[in-house]
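Descriptive structure summary
What follows is the residue order along each chain.
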Amino acid sequence: MKTQVGIVGAGPSGLMLSHLLQLAGISSIIIEDRSRAYCENRIRAGLMENWVAKMLVETGVGARLEREAMVHDGIFLAFNNEAHKLDFAKLIGKHVYIYDQKEVVTDLIAHRLAHGGQILFEVEGTSVHDFAGNGGKPSIRFKHQGKDEVVECDFIAGCDGFHGICRPSLPAGLWAGYDRVYPFGWLGVLTESPPPEKELIYAYHERGFALFSMRGPQLSRLYLQVAPDEDIEQWSDDRVWDELETRLQGVRPLKRGKILQKGVTPMRSYVAEPMQFGRLFLAGDSAHIVPPTGAKGMNLAMADIRVLARAFEGFYRNHRTEALESYSATCLKRVWKGQRFSWWMTQMLHRVHGGEYAAFDMKRQLAELDYVTSSEAASISLAENYAGLPID
Ligand code: RFL
Ligand code: PHB
């Protein structure tokens with residue numbers, strides 16, 4: 001098989017890249033190790049920055065998003081038994097959107113396949129080759145339906161997430177990973193119940209953080225701060241609801257319902273630098289991950305893809321290589337701001353239990369929450385980061 005850009009991974013990054021390349025007349029093939037159904041049903045991100053929704057609509061894959069996404073004016077921060085609204089629409093004139101990542105993936109897969117896109121699902125043993133320097137002919141090797149296959153391409157896009165094979169294939173010593181592991185995880189549930197508010201509530205409580213998000217008027221997505229290695233078996237449905245209710249601290253009534261899905265995610269910040277080596281370009285979670293408190297992961301992935309698609313377009317249309325060469329530096333500027341914001345939201349909202357500074361930190365966190373909800377300057381700073389920093 002031959003193509004211009006070989007893409008590893010059919011998550012939001014790989015699919016959006018393939019879509020933007022097609023619009024620019026550039027061919028691509030996506031290799032994905034999971035099934036189509038698995039990709040379309042993986043519950044992850046919910047919150048989409050303003051410009052991402054706009055990009056999906058403007059490039060022709062936003063019809064269902066326009067019909068079904070929930071448009072939010074802002075978020076609530078709850079602490080000391082009170083909920084405080086940060087109204088982004090008033091503060092900075094921007095909205096954010098709730099539209100599940102699995103719907104983005106479903107829409108993009110359908111659109112790619114309807115427009116002649118090639119996505120090979122359920123491949124095994126993916127490996128990437130000959131991408132160093134400019135002389136080689138990059139290739140992706142894998143097994144598909146029991147047969148050994150090769151995709152020969154001009155470039156490889158590593159869109160294979162945090163546990164993929166592209167980042168570890170970069171030559172040792174020529175890149176660095178910047179890492180921060182947090183002493184907590186999120187227990188997430190999807191429930192058949194109305195969310196307690198129209199918009200998201202980020203709740204700070206002495207027992208730990210809780211987030212009240214949603215997927216629809218009768219479908220809630222709720223999270224609790226727990227230990228990173230928390231045993232899910234210890235969390236009966238009743239215990240989950242009791243803890244959510246405690247941490248919501250009475251700021252809204254909480255209706256209970258059937259818990260449809262339950263899982264624990266550890267939290268980590270990570271950046272690989274540079275995000276490119278020779279003709280292999282990393283994008284999205286394969287290059288960087290953030291703790292979900294800032295709702296930035298998929299949004300940063302989409303920002304990488306926008307830069308990468310434009311760089312490939314410049315190369316194929318005008319033989320220009322500058323944008324490809326500066327890809328990593330361009331993306332990392334936004335990535336580190338996303339890292340900073342995600343870390344900042346995380347440290348403001350999570351309780352570190354025990355340790356000599358626990359009591360001091362709780363007072364400091366409450367002061368920070370009070371500041372961020374009472375100072376217009378601080379509210380605007382949160383709003384512009386949360387709703388999405390400007391793109392060029
Ligand atoms: P993905 O989605 O991980 O996709 C990578 C794809 O590559 C495939 N793959 C391979 N394919 C072939 N060969 C191999 N060797 C392969 N290895 C892996 C995988 O099967 C997969 O299909 O990465 P991508 O595309 O970069 O997208 C990133 C986002 O998924 C991620 O950043 C977000 O989900 C993060 N995130 C959030 N982001 C937001 O912008 N807003 C949010 O509200 C938000 N909430 C969240 C989140 C992530 C969470 N978890 C579970 C980590 C909430 C949570 C709880
Ligand atoms: C979600 O709806 O899953 C969600 C929203 C905001 C976050 C994290 C997750 O910060």
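Heads up: these notes are all about the structure in this document. Per chain, residue numbering runs from 1 following the sequence as it is written. Labels are handed out in written order, letters beginning with A for the chains and numbers beginning with 1 for the ligands. Totals for whole chains, interfaces and linings use all residues, but because this is a predicted model, local features are given only for residues with pLDDT of at least 70 and pairs of side-chain atoms are given and counted only at 80 or more. Hydrogens are left out, water is left out, and the side-chain values use all remaining heavy atoms of the structure.

**Considerations on the side chain of Ser-28**
The cut-off we apply is this: Under the scheme used here, helices are H or I runs from DSSP no shorter than 4 residues and strands are E runs no shorter than 2 residues, and both carry numbers assigned from the N terminus. Exposure classes here rest on a 1.4 Å probe applied to the protein chains alone. A residue is buried below 20% of its type maximum, exposed above 50%, and partly exposed in between. In the analysis that follows, any N or O atom pair within 3.5 Å is treated as a polar contact, provided that within protein one partner can donate a hydrogen and the other can accept it, and provided that, for residues neighboring in sequence, both atoms belong to side chains. Whether two residues are in contact is decided by their heavy atoms: any pair within 4.5 Å suffices.
Turning to its location among the elements, Ser-28 is positioned in strand S2 (residues 28-31). Among the residues examined, Ser-28 registers a relative accessible area of 8% and is labelled buried. A polar contact is formed between the side chain of Ser-28 and the side chain of Ser-18, at a distance of 3.0 Å. For Ser-28, the residues in contact, after removing those within four places along its chain, are Thr-3, Val-5, Ile-7, Ser-18, Leu-21 and Gln-118.

**So, the site of ligand 2**
Defined as follows: Note on terminology: near, applied to a residue and a molecule or strand, indicates that one of the residue's heavy atoms is within 4 Å of it. To measure how exposed things are, a 1.4 Å probe is used in the Shrake-Rupley method; for residues, cover is taken only from the protein chains shown.
For ligand 2, the set of nearby residues contains 13 residues, the closest of which are Tyr-202, Ser-213, Arg-215, Tyr-223 and Pro-292. Residue Tyr-223 places a side-chain N or O atom 2.6 Å away from an oxygen atom belonging to ligand 2. A distance of 2.7 Å is found between an oxygen atom of ligand 2 and a backbone nitrogen or oxygen belonging to Pro-292. Relative to its free-state accessible area of 280 Å², ligand 2 is covered by the protein chains to the extent of 96%. Put simply, the parts of the chain that give the shell around ligand 2 at least two residues each are strand S14 (200-203), strand S15 (210-216) and strand S16 (219-226).

**Thoughts on empty space enclosed by the protein**
Take a probe with the size of a water molecule and roll it over the atoms, and the empty space left behind shows itself. The cut-off we apply is this: The way it works is a 1 Å grid over only the protein atoms, where trapped points that fit a 1.4 Å probe form a cavity and open points with protein on both sides within 12 Å along at least five of seven lines form a pocket, and then any residue with an atom within 4 Å of a point lines it. Grid points are joined across faces, edges and corners, and a volume is the space filled by probe spheres set on the points. Three classes are used, and their members are as follows: Ala, Val, Leu, Ile, Met, Phe, Trp, Tyr, Cys and Pro are nonpolar, Asp, Glu, Lys and Arg are charged, and the others, Gly among them, are polar.
Taken as a whole and judged by the stated rule, the model has 1 cavity of 30 Å³ or more. In this structure, the largest cavity spans a volume of roughly 60 Å³. If you trace the largest cavity, you find it lined by Glu-49, Lys-296, Leu-300, Arg-334, Lys-337, Gly-338, Asn-385, Gly-388 and Leu-389. For the lining of the largest cavity, the leading source of residues is helix H10 (residues 327-349), giving 3 residues. Considered class by class, the residues forming the lining of the largest cavity number 2 nonpolar, 3 polar and 4 charged.

**What to know about helix H1 (residues 12-23)**
Here is the rule we go by: Given the number of residues in a helix, its expected span is that number minus one, multiplied by 1.5 Å.
In this model H1 runs 17 Å from its N-terminal to its C-terminal C-alpha over 12 residues, within 8% of the 16 Å that 1.5 Å per residue would give. Taken across its 12 residues, H1 has 10 buried, putting it largely inside the fold. Every buried residue belonging to H1 is among Pro-12, Ser-13, Gly-14, Leu-15, Met-16, Leu-17, Ser-18, His-19, Leu-20 and Leu-21, and all of these are buried. Phi for Gly-25, located one or two positions after H1, is positive at around 75°.

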